[in-house]
Amino acid sequence: ALAKSLAENEYDSHHFANRTEDGKRLHTWYEGETQILKTLGLDSKRQSRIQTYQVKFSILRQFFSDIPIEHIKPKTIEDYVHWRKTQYTPQRRNFHKHSEPSNKTILRDLDVLRKVLKHAVKEEWIEKLPQFPTLSITPRAGGWFTETEWKTLRDTAKHWIKESTTDKDRKE
C-alpha cells in the first residue's frame, strides 16, 4: 500500500508539473529543437546551415533544456542574454581575444530561439512570440589591407601591367 501511494504521488506530481493551467501538456526544449532540425534537414540543401543550427542549439540547450517552451517569456530571454554574456563558457576557445560574445553573436543565438518559438506558435503550443530584447551592433570593418599589404598589391599590379604584351591585357 505504501509503494502504491508513493507511486501515485510521484505520477501525480510529474503529471501535473508538466501541464499548463488549463491542463494542456507542456512542451520541452528538446521537442522544439528536434522538430526544427528535422525541418531543416528536409528543406535545406546546405549542410553548413544545419551545422550552424546545431552549434547554436548546443549553447541554447544549456540554458533552456529545463524550461518548458510555454514558460519562455521576455524575462527568460533577458536572463539568457545575461547568462550568455557572463556565465557561459565555450567548450573550445575561439579566435576572439575577449571571452564575452558580441551582441551580433547573441543576436544569432536569438534568431535560432525565435525559430523555435515561431514553430511553437505554428503548433499552437504558445499563442504569440514573446518580445525579444533589442541589442545594438557596432559595425566593425574587416578585411582591410595593412599599409604594407596595400603597397605590395599596388606594386604587383603595376608590374603585371608593365609586363603585359597587348593593349587588351593592359586594360584588364
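S.K.: In this structure, what is going on with the overall build of the protein chain? I would like to understand it.
M.R.: When its secondary structure is counted, the protein chain shows 7 helices and 0 strands. The buried share of the protein chain, reckoned over its 172 residues, is 27%. Put simply, 62% of the contacts in the protein chain that link residues at least 6 apart link residues at least 24 apart. Summing over all exposed atoms, the protein chain offers an accessible surface of approximately 13400 Å²; the carbon and sulfur share of this is 52%.

S.K.: When you look at helix α4 (residues 74-86) in this model, what are you seeing that I'm missing?
M.R.: The periodicity of an α-helix, 3.6 residues per turn, causes residues three or four places apart in sequence to face the same way. The end-to-end C-alpha distance of α4, which contains 13 residues, comes to 18 Å, matching closely the 18 Å that a straight helix rising 1.5 Å per residue would cover. If you check which residues of α4 are buried, you get T76, I77, Y80, V81, W83 and R84. Taken down its axis, α4 places every buried residue within 165° of arc, on the same side.

S.K.: It is not clear to me how the nonpolar core should be interpreted in this structure. Could you clarify?
M.R.: The nonpolar side chains of a soluble globular protein tend to be buried with one another. Counting residues in hydrophobic clusters, the biggest one holds 29 residues, and the most contacted among them are W29, I69, Y80, L110 and L113. Residue assignment for this core shows that the elements contributing at least two residues are α2 (29-43), α3 (47-64), α4 and α5 (103-122). The greatest single-element share of this core, amounting to 8 residues, is contributed by α5. Residue contacts for L113: discarding those within four places in its chain leaves W29, L60, F64, I72, I77 and F132.

S.K.: Please clarify how the packing of α3 against α4 should be interpreted in this entry.
M.R.: Helix packing for two helices is described by the angle between their axes and how far apart those axes are. At a minimum axis separation of 10 Å, α3 and α4 run at an interaxial angle of 115°. Of the possible angle classes, the one that applies to α3 and α4 is roughly perpendicular. Every pair of crossing elements has a handedness; the one defined by α3 and α4 is right-handed. Contacts from K56, I59, L60, Q62, F63 and F64 of α3 reach α4 at T76, D79, Y80, W83 and R84. Of the residues contributing to the contact of α3 with α4, the split by class is 6 nonpolar, 2 polar and 3 charged.

S.K.: Hey, could you run me through the side chain of H119 in this one?
M.R.: With respect to the helices and strands, the residue H119 is situated in helix α5. Non-local contacts of H119, meaning those with residues more than four positions away in its chain, are made with Q35, I36 and W125.

S.K.: Please clarify how a nonpolar patch on the surface should be interpreted in this entry.
M.R.: Together, F145, W150 and L153 line one region of the surface with nonpolar side chains, adding up to about 330 Å² of accessible area. Take W150: it is sitting in helix α6 (residues 147-163).

S.K.: Hey, could you run me through the packing of α3 against α5 in this one?
M.R.: Across the interface, α3 lies against α5 with an axial gap of 10 Å and an inter-helix angle of 90°. As judged from the angle between their axes, α3 and α5 are roughly perpendicular. Contacts between α3 and α5 involve R49, Y53, K56, F57, I59, L60 and F64 on the former and, on the latter, T105, R108, D109, V112, L113, K115 and V116. Looking at the contact of α3 with α5 residue by residue, the class counts come to 8 nonpolar, 1 polar and 5 charged.

S.K.: Just checking my understanding: could you explain the environment of T105 for this structure?
M.R.: Note that T105 resides in helix α5. On the accessibility criterion, T105 (26% relative accessible area) is partly exposed. For the pair T105 and K56, spaced 49 residues apart in the sequence, the C-alpha separation amounts to 9.8 Å.

What counts as what
- Here the residue index of a chain counts from 1 through its sequence in written order.
- Reporting of local features is limited, given that this is a predicted model, to residues whose pLDDT is at least 70; pairs of side-chain atoms are given and counted only at 80 or more, and all residues count toward the totals for whole chains, interfaces and linings.
- Each side-chain value is derived from all of the structure's non-hydrogen atoms; neither hydrogens nor water enter the calculation.
- Only DSSP runs of H or I reaching four residues or more are called helices, and only runs of E reaching two or more are called strands; each is numbered from the N terminus.
- Burial here depends on accessible area, computed with a 1.4 Å probe over protein chains only, as a share of the maximum for the residue type. Under 20% is buried, over 50% is exposed, and the range in between is partly exposed.
- The contact definition used throughout considers only heavy atoms, calling two residues in contact when any of these lie within 4.5 Å.
- The protein chains shown are the only cover counted for residues, whose accessible areas, like all others here, come from Shrake-Rupley with a 1.4 Å probe.
- In a helix, the anticipated span is given by 1.5 Å times the number of residues less one.
- Note that the arc is computed from the directions linking the helix axis to the C-beta atoms.
- What is meant by a nonpolar core is a set of buried Ala, Val, Leu, Ile, Met, Phe, Trp, Tyr and Cys residues, joined one to another through side-chain atoms within 4.5 Å.
- To define axes, lines are fitted to C-alpha atoms, for helices over the stretch in contact only, and angles between the resulting N-to-C directions are given on a 0 to 180 degree scale.
- Roughly parallel refers to an angle under 35 degrees, roughly antiparallel to one over 145, roughly perpendicular to one between 65 and 115, and oblique to any angle outside these ranges.
- Note on convention: the crossing is left-handed when the near helix lies turned anticlockwise from the far helix by less than a right angle, right-handed when the turn is clockwise.
- Ten residues, namely Ala, Val, Leu, Ile, Met, Phe, Trp, Tyr, Cys and Pro, are considered nonpolar, four, namely Asp, Glu, Lys and Arg, are considered charged, and the remaining ones, Gly among them, are considered polar.
- Think of a patch as exposed residues, more than 30% relative accessible area, with no salt bridge, where like charges cluster within 9 Å and nonpolar side chains (Val, Leu, Ile, Met, Phe, Trp, Tyr) cluster within 5 Å.
- By convention in these notes, a salt bridge is any Lys or Arg side-chain nitrogen within 4 Å of a carboxyl oxygen on Asp or Glu.

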